Every structure is written in C-alpha cells, then in structure tokens.
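Okay, here's what each chain looks like letter by letter:
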Amino acid sequence: MREKYYDLIGVYSAFLCLAHCILGPILFIVPLGISHSPLLDSFFLIVGLFPVYKVVRSKSPVFLKILLVFSFALIALSISLEALYHQESFLIFIGAMGVISSHLINYNYKKDEL
C-alpha cells in the first residue's frame, strides 16, 4: 500500500523538475535578477533518487525498473553535462518524461494489484 506513494512523490518531483527546465530559461531571459544555479538541479536529482530507489527495490515489473533507471540516468547525464561543460542538453526532457510515465504506469500497476 505504501509503495504506491513513492510513485506519486516521483511523479511530483519529476514534474517540478520538468517545469523548472521549461520555465527556467524563460525566466532567466527576462531581467528579473534570477540566475541559474546547478544546486537546484542537483536538489531535484537527489529528491528524485529516493522514489526511484524504492520503486526499483519493489516488486514492480522489470521493464518499468529498466525504463525508470534509464530515464533517471538521462537526467543525471544532462545535469552533469550542464554542470561540467555548461552545455544544455535536451536529454533532461526525455528523461523527465520517462520518469513521469514510468512512475504513473507503476502507480496504476500497484493500484490494480490491491
């Protein structure tokens, strides 16, 4: 019963990360005095790691675990490229959509299981 809430936390975390990635560049262009911080990206990555770990350790289907880990790795790779080489990458969008979709599929799987 409790395991499905990790999926909800993962969905919310990935959605906030996706919103940050989409709205962030727009807000940085507008002269509001807001600057980009890699610490915020790292915060989203750390917060998202906990639900991913819990889902991978659960009795979820193997294909969902693979999709979740692969999507999370894309997000981590994109954040690393940005932090190390100051290179923006579209991989973060693909990874965030993969994390959101895999958490939603797993949430529905757990709901049907009960």
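Residues numbered from 1 in each chain as written. Predicted model: local features only at pLDDT ≥ 70, side-chain atom pairs only at ≥ 80, totals over all residues. Heavy atoms only, no water.

**Student:** Summarise the packing of helix α2 (residues 38-57) against helix α3 (residues 62-85); cite the residues concerned and give the values.
**Tutor:** Running from N to C, α2 and α3 point in directions that differ by 165 degrees, and their axes come no closer than 11 Å. Taken together, the axes of α2 and α3 lie roughly antiparallel to each other. Relative to α3, the crossing made by α2 is left-handed. Together, Asp41, Leu45, Gly48, Leu49, Val52, Val55 and Val56 of α2 and Lys65, Leu68, Val69, Phe72, Ile75, Ala76, Ile79 and Glu82 of α3 make up the contact between the two elements. (Axes fitted to C-alpha atoms, helices over the stretch in contact; angles between N-to-C directions. Helix = DSSP H or I, 4+ residues; strand = E, 2+ residues; numbered from the N terminus. Parallel < 35°, antiparallel > 145°, perpendicular 65-115°, else oblique. Left-handed = near helix turned anticlockwise from the far one by under 90°. Contact = heavy atoms within 4.5 Å.)

**Student:** Describe the side chain of Ser13, naming the residues involved and giving the relevant values.
**Tutor:** Looking at where Ser13 falls in the secondary structure, it is placed in helix α1 (residues 3-29). In contact with Ser13, other than residues within four places in its own chain, are Phe44, Val47 and Gly48.

**Student:** Talk me through the nonpolar core; I want residue IDs and the actual numbers.
**Tutor:** Counting residues in each nonpolar core, the largest one holds 15 residues, and the members touching the most others are Cys17, Leu68, Ile75, Ile92 and Val99. Mapped onto this core, the elements with two or more residues apiece are α1, α2, α3 and α4 (91-113). In this structure Ile75 touches Leu45, Ile92, Gly95, Ala96 and Val99, once residues within four positions along its chain are discounted. (Core = buried A, V, L, I, M, F, W, Y, C linked by side-chain atoms within 4.5 Å. Buried < 20%, exposed > 50% of the residue type's maximum accessible area, 1.4 Å probe, protein only.)

**Student:** How would you sum up the confidence of the model for the protein? Please name residues and give values.
**Tutor:** Residue-level pLDDT values for the protein average 81, and 83% of them are 70 or greater. Mean pLDDT across the secondary structure elements of the protein bottoms out at α1, with 75, and peaks at α3, with 91. (pLDDT = per-residue confidence, 0-100.)

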